[in-house]
Amino acid sequence: MDLSRVLEFPVKEFFKQPRSLFGAGAYESAGPEAAAMGLKHVLFVTSGLRGTGIVDECKTNFENAGVSVSIYDKVESNPKDYNVMDAYKAFSDGGCDGFVSIGGGSSHDATKGARVVAAHDGRNVNEFQEVNASETLDNPAHIAINTTVGTGSETTPAYVITDLSSPDAPHKWVGFDRAAITTLAINDPVLCMTQPPEYIAYTGFDTMAHGSECYVGRVQHPSTTPVALSAIKLVQENLREATYNPNNYQAMENMVWAQYMAAQAFSTGLLGILHSLSHAVCAYYDIHHGLNNGIGLPRVWTYNQPAAPDKYADIAVAMGVDTRNMTTYQAADAAIDEVIRLVQDCGCPDNWSQVAEYPMTRMGAGWYEGKTNAAIESDDDELQKMAEHMMGDLCTPGNPRDLTVEGAKEILRDCMYDPMVRKTSGEGYRQNIWGAAPQMGRQVQGYEARGNGVSRQPA
Ligand SMILES: [Fe+2]
């Protein structure tokens, strides 16, 4: 029986969540936990987190627990298929028996891919797209030590890989795989305090994207959508402070809770076209996922608002708006105002064409050998390709409003070139009252030195 035309998502899958440790100092448990799992030799998979001291501290921690360590530290932002295969090769060549990812979503996602590849005798990771593609669940152990306030990948079955080698390239695909759920997730807010401010902002936008997409989406799993709304509230109340004062431990801890809760919510409640949008532009331009989401948030909320005005009215309340004298649509408008104000307060540029100082690596066939930079601008032909990429994204079916190629192109064009203003009534955005914004758009693949190392004590 085909129930798809009767009821959207008639069968909802609830993915389990990994055991997790949360709190200041939690990362120091990683080595003893690995030893308790019986691991003898693990592979660290990371972007390097240069200047933070985190990788060196973790290495010492594991070695003190009697677990030897090899390191693959070349994971890139928007992890590429070759990052995954290189990590797998390091794991295999090193005779390792477990993975440890250290960093944000890129490191965790590349590790999830490598782990799936390891369970399938080195087959190419691009063979494992979409839902539960693994044929064997017998994976090496994976401890994820998280250092960002964004993807929540340490606690989800999701991973996202950029395919630059198959006939489908360039293609950024989503794996949603029960075999990719980590063995142990570690969230230590102290580690997140080492991030550059713009990186905190980017990843916070990603958390807002996760919470909002899950809350308004079509799955509407009763056990997860309220959690998504709570995560939205935490982002609204803490992202500005965490961005501009990353030494405020309480704000950072709240952001870590937000990213963790939003990720657990979307593990079951799924996502929507904001992620399809972000994946599509990343297939063509190597810009940060969270930055994409910051630019896309008000556009996608605007597109979706007619299909879920009551949900956006709820979001307005979660974001602190007094909606008692508003209609549902006025409240939904107010949510768009609030998210524009939030992302602009945190330094988000108006559109992709204003992301001027990012390396802006042009993706596509043969890109890596040439590795040329290019301004972020797309003609109609490229917007068409991106729109079709959005239509085929795993996240699109969960969106509350059906997507058309024409609609996708309009959202993409707006994100590419237009000012960030609420278009539901024509009112302009509010002024940034938070003073100088952190410089957005610069490369953040590995953390750059900030000179503060890793503190064991909350500030
Ligand atoms: Fe995301």
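Within every chain, residues take consecutive numbers counted from 1 along the sequence as written. The predicted origin of the model limits local features to residues at a pLDDT of at least 70 and limits the giving and counting of side-chain atom pairs to 80 or more, whereas totals for whole chains, interfaces and linings rest on all residues. Side-chain numbers here rest on the full set of heavy atoms in the structure, without hydrogens or water.

(A) Quick look at the overall build of the protein chain. The helix and strand labels rest on DSSP assignments: H or I over at least four residues marks a helix, E over at least two residues marks a strand, and numbering proceeds from the N terminus. Within the protein chain, the secondary structure is distributed over 15 helices and nine strands. Residue exposure (1.4 Å probe, protein chains only): buried if accessible area is under 20% of the type maximum, exposed if over 50%, otherwise partly exposed. When the 459 residues of the protein chain are sorted by exposure, 61% land in the buried category. Two residues form a contact once any of their heavy atoms are found within 4.5 Å. Across the protein chain, the fraction of contacts at a sequence separation of at least 24, relative to all contacts at a separation of at least 6, is 81%. Using the Shrake-Rupley algorithm and a 1.4 Å probe, accessible areas are obtained, with residue cover drawn only from the displayed protein chains. Accessible surface, the protein chain as shown: approximately 16600 Å² in total, 49% of it carbon and sulfur.

(B) Representation of the coordination of the iron ion in the model. Nitrogen, oxygen and sulfur within 2.8 Å of a metal are treated as its donors, or within 3.2 Å for sodium, potassium and calcium (Na, K, Ca); water is not counted, so a site can appear incomplete. Coordination of the iron ion by the protein is provided by Asp206 (OD), His210 (NE2), His275 (NE2) and His289 (NE2), with metal-donor distances spanning 2.1 to 2.2 Å. Four donors are marked tetrahedral only if all angles between them lie between 85 and 135 degrees, whereas four are marked square planar and six octahedral if opposite donors are more than 155 degrees apart and the other angles lie between 65 and 115; the remainder are marked irregular. Geometry at the iron ion is irregular, judged from the four donor atoms that bind it and their angles of 84 to 171° at the metal. The sequence motif formed by the donor residues of the iron ion is D-x3-H-x64-H-x13-H. Placement of Asp206 in helix α6 (residues 197-216) and of His289 in helix α10 (residues 289-304) is noted, with a sequence separation of 83 residues between them.

(C) Examining the sheet that holds strand β5 (residues 130-131) more closely. The criterion for strand pairing is that DSSP finds at least two bridges linking the strands in question. Taken in spatial order, the three strands of this open sheet run β5-β8-β7, and their pairing is mixed. Every interior strand has two partners, whereas the edge strands, β5 and β7 (158-163), have only one. As paired elements, β5 and strand β8 (residues 171-176) share two bridges and run parallel to each other. Bridging across to β8, Val131 finds its partner in Phe176.

(D) Broad picture of helix α7 (residues 225-244). Helix span, as expected, comes to 1.5 Å for every residue beyond the first. Taking 1.5 Å of rise per residue, 20 residues should cover 28 Å, and α7 covers 29 Å from first to last C-alpha, within 8% of that figure. At any given residue, the bend is defined as the angle formed between two axes, one fitted to the seven residues that end at that position and one fitted to the seven that begin there. The largest bend along α7 reaches roughly 45° and is located at Asn238. Every buried residue of α7 is listed here: Thr225, Ala228, Ala231, Ile232, Leu234, Val235, Gln236, Asn238, Leu239, Arg240, Ala242 and Thr243. Packed against the buried residues of α7 are α6, α8 (249-269), α11 (309-318) and α12 (328-345).

(E) Molecular detail of the pairing of strand β4 (residues 98-103). With respect to burial, β4 is a largely interior element, six of its six residues being buried. Pairing of strand β2 (residues 41-46) with β4, which is carried by five bridges, proceeds in the parallel orientation. Pairing of Val45 across the sheet is with Ser101, part of β4. Here six bridges tie β4 to strand β6 (residues 141-146), and the two strands are oriented parallel to one another. Considered in β6, the bridge of Gly103 is made with Asn146.

(F) Examining unusual backbone geometry more closely. In this model, Ala169 is joined to Pro170 through a cis peptide bond whose omega is -5°. Inspection of the secondary structure assignment puts Pro170 in the loop between β7 and β8. Of note in this structure, Asn132 is not a glycine but carries a positive phi near 45°. When you line up the elements, Asn132 lands in the loop between β5 and β6. For Gln220, which is not glycine, the phi dihedral falls at a positive 50°.

(G) The sheet that holds strand β1 (residues 19-22), seen in detail. With parallel pairing, the six strands of this open sheet are ordered in space as β1-β9-β6-β4-β2-β3. Edge positions in the sheet fall to β1 and β3 (68-72), since each has one partner strand and no second. For this sheet, the mean angle separating the axes of adjacent strands, direction not counted, is 20°. Sheet analysis places β1 next to strand β9 (residues 184-187), joined by four bridges and oriented parallel. Counted as the bridge partner of Phe22 is Asn187 from β9. Only C-alpha atoms enter the line fits that serve as axes; for helices the fit covers just the stretch in contact. Angles between N-to-C directions range over 0 to 180 degrees.

(H) Inspection of the packing of α6 against α11 at higher detail. Where α6 contacts α11, the two axes come as close as 9 Å, and the packing angle between them is 140°. When the interaxial angle is binned, α6 and α11 end up oblique. For α6 against α11, the interelement crossing comes out right-handed. Of the residues in α11, those in contact with Ser212, Tyr215 and Val216 of α6 are Lys311, Tyr312, Asp314 and Ile315. Should an angle fall under 35 degrees it is called roughly parallel, over 145 degrees roughly antiparallel, and 65 to 115 degrees roughly perpendicular, with every other angle called oblique. Here is the rule for handedness: rotate from the far helix to the near one, and if that takes an anticlockwise turn smaller than a right angle the crossing is left-handed, while a clockwise turn gives right-handed.

(I) Examining the confidence of the model for the protein chain more closely. Of the residues in the protein chain, 86% have a pLDDT of 70 or more, and the chain-wide mean is 88. Note on scores: pLDDT gives the predictor's confidence for each residue, bounded by 0 and 100. Here residues 441-459 is a poorly scored stretch, pLDDT under 50, and it has 63 contacts once near neighbours within four places are set aside; other chains count.

(J) Up close: the pattern of salt bridges. Any Lys or Arg side-chain nitrogen located within 4 Å of an Asp or Glu carboxyl oxygen qualifies as a salt bridge. Applying the stated criterion to the full structure yields 21 salt bridges. The salt bridge involving Asp333 is made with Arg422; its shortest N-O contact spans 3.0 Å. Of this pair, Asp333 sits in helix α12 while Arg422 is found in the segment after α15 (405-417), placing the two residues 89 residues apart along the sequence. For the pair Asp333 and Arg422, one class covers both residues: buried. Note that Arg413 and Asp380 form a salt bridge whose closest N and O atoms lie 3.3 Å from each other. Remark: Asp380 occurs in helix α14 (residues 380-391) and Arg413 occurs in helix α15; sequence separation between them is 33 residues. What makes Arg413 partly exposed here is its relative accessible area of 30%. What you see here is one network of salt bridges that share partners, running through Arg299, Asp414, Asp418 and Lys423.

(K) The packing of aromatic side chains, seen in detail. Two aromatic rings from Phe, Tyr or Trp, using only the six-membered ring of Trp, form a pair when their centres are within 6.5 Å; if the ring planes differ by under 30 degrees the pair is stacked, by over 60 it is edge-to-face, and anything between is tilted. Applying the stated rule across the entire model yields eight aromatic pairs. Between Trp257 and Tyr260, the ring centres sit 6.0 Å apart and the planes meet at 70°, which makes this aromatic pair edge-to-face. Of this pair, Trp257 and Tyr260 are both found in helix α8, three residues apart, which corresponds to roughly one turn of the helix. Accessibility expressed as a relative area gives 32% for Trp257, which makes it partly exposed. Here Tyr260 falls in the buried class, since its relative accessible area comes to 10%. The structure contains a cluster of three or more aromatic residues connected by ring pairs, namely Phe22, Trp257 and Tyr260. Over the aromatic face of Tyr303 sits the side chain of Arg401, whose NZ or CZ is 3.9 Å from the ring centroid. Lysine and arginine charges are scored as sitting over a ring when NZ or CZ, respectively, is within 6 Å of the ring centre and within 35 degrees of the ring normal.

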